[in-house]
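Residue-level listing of the chains:
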Amino acid sequence: MRSAHLVGTILTLGLAIGLGGCGQKTETADGAQVVRVGSVAPLTGPQAHLGKDNENGARLAVEEINARGLTLGGRPVRLELIGEDDQADPKTATIVAQKLVDSGVAAVIGHLNSGTTIPASKYYHDANIPQISPSATAIAYTAQGYRNAFRVMANDEQQGRVLGEYAVRTMGARRIAIIDDRTAYGQGLADEFEKAARAAGGEVVAREYTHDRATDFTAILTSIKGKNPDLVFFGGMDPQAGPMAQQMKRLGLAARLLGGDGMQNLNFIKLAGDAAEGVTASSPGLPLEAMPGGPDFKRRFEAKYGPIQVYAPYAYDAVMVLVEAMRRADSHEPAKVLAELPKTDLQGVTGHIRFDAKGDTEGGAVTLYQVKNGAWAMLETVK
Amino acid sequence: MDIFIQQLINGLVLGSIYALVALGYTMVYGILELINFAHGEVTMIGAMVALAVIGAIAGSALDLPGLLVVLAGVLVAIPACMLLGFTIEKVAYRPLRRAPRLAPLITAIGVSIVLQNSAMLIWGRQYVSFPPLIPQNSHEILGAHITDLQIFIILLSTLIMAGLWLLVQQSTLGRAMRATAQSKEVAALMGVNVDRVISATFLIGSALAAIAGVMVSAYYGLAHYYMGFMLGLKAFSAAVLGGIGNIAGAMLGGLLLGVIEALGAGYIGDLTGGFLGSHYQDVFAFFVLILVLVFRPSGLLGERVASRA
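Just so it is clear, the structure is predicted and the values come from calculations on it, not from any experiment.

Calculation rules
Residues numbered from 1 in each chain as written. Chains lettered and ligands numbered in written order. Predicted model: local features only at pLDDT ≥ 70, side-chain atom pairs only at ≥ 80, totals over all residues. Heavy atoms only, no water. Axes fitted to C-alpha atoms, helices over the stretch in contact; angles between N-to-C directions. Helix = DSSP H or I, 4+ residues; strand = E, 2+ residues; numbered from the N terminus. Parallel < 35°, antiparallel > 145°, perpendicular 65-115°, else oblique. Contact = heavy atoms within 4.5 Å. Nonpolar A, V, L, I, M, F, W, Y, C, P; charged D, E, K, R; others polar. Buried < 20%, exposed > 50% of the residue type's maximum accessible area, 1.4 Å probe, protein only. Lys, Arg positive; Asp, Glu negative; His and termini not counted. Salt bridge = Lys/Arg side-chain N within 4 Å of Asp/Glu carboxyl O. Buried area = accessible area lost by both parts, 1.4 Å probe. Polar contact = N/O pair within 3.5 Å; in protein donor to acceptor, adjacent residues only side chain to side chain. Phe/Tyr/Trp six-rings, centres within 6.5 Å; stacked < 30°, edge-to-face > 60°. Expected span 1.5 Å × (residues − 1). Bend = angle between axes of the 7 residues up to and from the residue. Domains from an automatic or database assignment.

Engineer: What exactly am I supposed to notice about the packing of helix 2 (residues 48–68) of chain A against helix 10 (residues 294–305) of chain A here?
Structural biologist: To describe two helices that pack against each other, one gives the angle between their axes and the distance between the axes. Residue and element names in this part refer to chain A. Remark: helix 2 packs on helix 10, axes separated minimally by 11 Å, with the N-to-C direction vectors making an angle of 105 degrees. The angle between the axes of helix 2 and helix 10 places the two elements in the roughly perpendicular class. Each of D53, N56, G57, R59, L60, E63 and E64 in helix 2 lies in contact with helix 10, whose residues at this interface are F297, R300, F301, K304 and Y305. In terms of residue class, the contact of helix 2 with helix 10 is made up of 4 nonpolar, 2 polar and 6 charged.

Shown next as C-alpha cells:
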C-alpha cells in the first residue's frame with residue numbers, strides 16, 4: 001500500500017516536471033510566443049555594478065525589440081530576458097549555465113568576465129545553444145573550437161598588443177612592473193601585454209599578483225617600488241585599480257599606471273580620487289561618443305537606467321546580433337540560429353559587427369584614454 | 001632596508017584594523033562560545049552609515065573642516081552599529097541561547113547574509129568612495145613613507161585596545177564579563193545580570209567595529225556592501241591565531257596577521273626565486289595560522305578550552 005503510494009507520488013512529480021518542461025515556451029495573452037533569452041553577469045559581489053550594467057544593456061535591446069514587434073515563422077514572438085547572477089565566480093557560472101540550459105533558453109548573452117564565460121561555454125556548447133559574450137575578452141574563449149561561441153568585443157590579444165607597444169613606444173617606458181588579478185581576463189591581458197612590451201624593447205622588472213576581491217596592495221607595491229619601475233601595468237578591474245592608484249601615490253611610487261578596459265570606467269575615477277589623474281587605460285572599440293549609435297544609445301539607456309558603466313552598449317549589440325540571426329533564420333530554434341550567426345553583418349551601436357571563423361569580431365579597434373581633470377579623455381584609436 | 005620598514009608599516013596599519021575587528025569576535029566568543037559571523041557585516045554597516053553622513057554633510061551648504069565632517073560620520077556610525085549589534089543579539093542569538101551550538105552559528109551566517117543584502121538594497125551595488133577630506137600628508141622615516149592617517153590609525157587602535165584592556169581588567173562591568181565568560185550559571189548566582197553583560201559585550205564590540213569600518217574605508221578610500229566578508233574572515237583568523245576568547249590574543253593576532261601578510265606578499269617572490277609569487281600571500285598567512293594551531297591548538301595566548309564548562 002505504502003509503496004504504491006510512493007510510486008504514485010513519483011509519477012505525479014515526474015508528470016509535474018514534464019509538464020513544467022513543456023510549459024517553458026508559453027504564450028502571452030495576445031497569442032505571441034514567448035522566447036527566453038538568458039543574460040548572465042555578476043549581479044552581486046564586487047563587480048555587481050558592471051553586471052547590472054550588462055543586464056540593463058541587454059534588457060533595453062529586448063524591450064525595444066518587443067516594442068517594435070518580432071515575427072518568426074509567421075508567428076508573433078515576444079522575447080523574455082532571464083537575468084542570472086554568476087557572482088563573477090567560475091563555479092557559480094557553471095551552475096547558472098546548467099540552469100539556463102535546463103530551462104530551455106534560446107540563447108545566452110554573457111557572461112561578463114572571461115573567467116566565468118569560459119567554463120560556462122562548455123555547457124552551452126554541449127546543449128548547442130548560441131552564446132554571445134558582450135565583454136569576455138580572453139583569447140581562450142573562442143579558441144576552444146566551439147561553433148556556438150561568439151563575442152562582440154576585441155579580444156585580449158589585440159588589446160594587450162596595443163597596450164604593450166604603446167607603453168614602450170609612446171609612453172617611453174623602460175622598466176615595467178606587471179600586476180594581474182589572477183582571473184582569466186587579468187592574467188590573459190597581462191601575458192599579452194608582457195609579450196608585446198618585451199618585443200618592443202621594454203624590460204619587465206617585476207611580475208606581481210593579487211586577486212579580484214583584494215583592496216590592499218601596499219605590500220606588492222612596496223616590493224615593486226624597490227625595483228624602480230617607470231611604469232606599472234595592471235591587468236584587472238576597477239575595484240582593485242582604484243585603491244591601487246591611491247596606494248601608489250601614498251607610497252611615493254612615481255611610476256605611471258596603465259591598464260585595460262576593466263579599469264577604463266567611471267568607477268575607477270571615483271575610487272582613485274585625485275590619484276586617478278594621468279592614469280592611462282585602453283578599451284576595445286571606439287569611445288561611446290564616437291560609436292555610430294553611441295550618443296543616441298546613451299540617451300535611451302540613461303533615461304531608463306542611469307549612467308552607463310562600460311559594457312552596456314556591447315550587451316545591447318549582442319542581443320541585436322542574436323535577433324538579426326533569428327530573423328534571417330525565421331526561427332528561434334538554436335540550431336537554425338547558429339547556422340545564421342556566422343553570416344552576421346550588422347551595423348550596431350558599437351560599430352560594424354562581423355565574425356571571423358573563430359567567432360571573434362573582425363577588425364576590432366582599441367582606443368587609449370587618459371584621466372585628465374577628473375574625466376577619461378581619449379588619446380587615440382589604434383586599429 | 002627602507003623597503004623592509006615600509007612593509008612593516010604597511011603590516012602594522014593593516015594589523016591594527018584587523019585587531020579592532022578581531023576584538024569583537026573574541027569578546028563574543030569568550031562569553032557565548034559563539035562565532036558571530038555577522039560581525040564583519042557590522043563593520044561594513046559602520047563604514048556605510050559614516051559615509052552616508054559624511055556624504056550628506058559634504059554635499060550640503062555647510063562648510064566644515066574635513067576632519068570635523070569625518071568625526072560627525074564616526075559619531076553617528078558608532079551608535080548605529082551599537083543599536084544593530086544589540087538588536088542582532090536580542091533577535092537572533094538570545095532565543096537560541098539554550099539551543100545546540102550549531103543553531104546560533106547558522107543564524108549568525110543568516111544574519112550576515114541579511115545584512116549584506118540589506119546594505120546592497122539601501123546603498124546599491126556601487127562602490128561608495130570616501131571623499132578626500134583627510135589630508136594625505138606623507139612623512140619619511142628611514143626612507144619609508146607613512147601618512148598622517150596611517151599614524152592616526154595605529155595610535156587610535158592602540159589607545160582603544162588599551163582602554164578596552166583597562167575596562168575588562170579594572171571595571172565592575174569588566175569583572176562581570178570575565179565572570180560570565182568563566183561560567184554563566186555561577187556568575188548569575190553571584191548576582192551578575194548575565195543578559196545585561198552579554199548585551200554590553202555586543203554593544204562594545206559593535207562600537208569597535210564601527211570605528212574599524214570607518215578606518216578601513218578612509219584608508220582604502222572606498223566602501224562596499226561586500227567589504228565586511230573578507231575583513232571579517234581575516235579578523236576571525238586573527239582572533240583564532242591569538243587565541244579566540246582572549247582579548248590580548250586578538251590584539252596580538254591582528255597585528256601579527258597584518259605584518260605576516262605584508263612581509264609574505266613582499267618577500268615570498270624573492271625568497272623562492274620567483275617560484276611562488278605574491279598571489280601566495282594569503283596562503284602564506286594561513287600557513288602560519290595552521291602552523292601555530294598545530295603546536296598551540298588554542299592559539300598563541302589562548303587558555304585550555306577544556307577548562308571552560
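That was the structure; now back to the text.
Engineer: I would appreciate a short explanation of the side chain of A:D238 in the present structure.
Structural biologist: Residue and element names in this part refer to chain A. Along the chain, the position of D238 falls in helix 8 (residues 238–250). Buried charge without a partner: D238 forms no salt bridge, and the closest opposite charge is K270, 8.7 Å away. Excluding residues within four positions of it along the chain, D238 makes contact with H49, L50, P243, G262, M263, N265, N267, F268 and L271.

Engineer: Explanation requested: the interface of chain A and chain B in the structure shown.
Structural biologist: Interfaces are often sized by the amount of accessible area the parts lose when they come together. Of the residues lining the interface, 33 residues belong to chain A; the matching set on chain B comes to 31 residues. At the boundary of chain A with chain B, total buried surface from both sides reaches about 2800 Å², with 54% on carbon and sulfur atoms. Summed over the shared surface of chain A and chain B, the number is 8 residue pairs in polar contact (both at pLDDT 80 or more). Among the elements of the structure, helix 2, strand 8 (203–209), helix 7 (218–225), helix 8 and helix 9 (266–272) of chain A are those that each provide at least two residues to the side of chain A that touches chain B.

Engineer: Whenever I open this one, the packing of aromatic side chains confuses me. Can you help?
Structural biologist: One pair of aromatic rings is described through two measures. These are the centre distance and the angle between the planes. Residue and element names in this part refer to chain A. The final tally for this structure, using the stated rule, is 13 aromatic pairs over all chains. The interplanar angle of 50 degrees and the centroid separation of 4.8 Å between the aromatic rings of F150 and F355 together place this pair among those described as tilted. Placement of the pair is F150 in strand 6 (residues 149–151) and F355 in the loop between strand 13 (352–354) and strand 14 (366–372), with a sequence separation of 205 residues. Taking the relative accessible area as the measure of exposure, F355 reaches 7% and is therefore buried. Through successive ring pairs, a cluster of aromatic residues spans F297, F301, Y305 and Y316.

Engineer: What is the right way to look at the side chain of B:K234 in this model?
Structural biologist: Along the chain, B:K234 falls in helix 9 (residues 227–242). Contact partners of B:K234, with chain neighbours within four places excluded, come to B:Y18, B:L257, B:E261, B:D282 and B:F286.

Engineer: It is not clear to me how helix 10 (residues 247–271) of chain B should be interpreted in this structure. Could you clarify?
Structural biologist: Side chains that are three or four residues apart share a direction in an α-helix, a result of its 3.6 residues per turn. All names here are of chain B. Along its 25 residues, helix 10 runs 34 Å from first to last C-alpha, staying within 8% of the 36 Å computed at 1.5 Å per residue. Residue A265 marks the point of greatest curvature in helix 10, where the axis turns by about 35 degrees. N-capping of helix 10 is provided by N246, with a side-chain oxygen placed 3.0 Å from the backbone N of A248. Remark: G273 follows helix 10 within two positions and exhibits a positive phi of approximately 60 degrees.

Engineer: Can you walk me through the domain arrangement of chain A in this structure?
Structural biologist: Residues and elements named next belong to chain A. On domain assignment, one finds that chain A holds domain 1 (26–154 + 291–350) and domain 2 (157–284 + 366–382). The straight-line distance from the C-alpha centre of domain 1 to that of domain 2 is 30 Å. Contacts between the two partners involve 21 residues from domain 1, matched on the other side by 17 residues from domain 2. Summed over both partners, the interface of domain 1 with domain 2 comes to about 1500 Å²; 58% of that surface belongs to carbon and sulfur atoms. Three residues stand out in domain 1 for area buried against domain 2, namely P46, I139 and A154, and they jointly supply 28% of the buried area on that side. At the boundary of domain 1 with domain 2, the tally comes to 0 salt bridges. Our count for the contact surface shared by domain 1 and domain 2 stands at 4 residue pairs in polar contact (both at pLDDT 80 or more).

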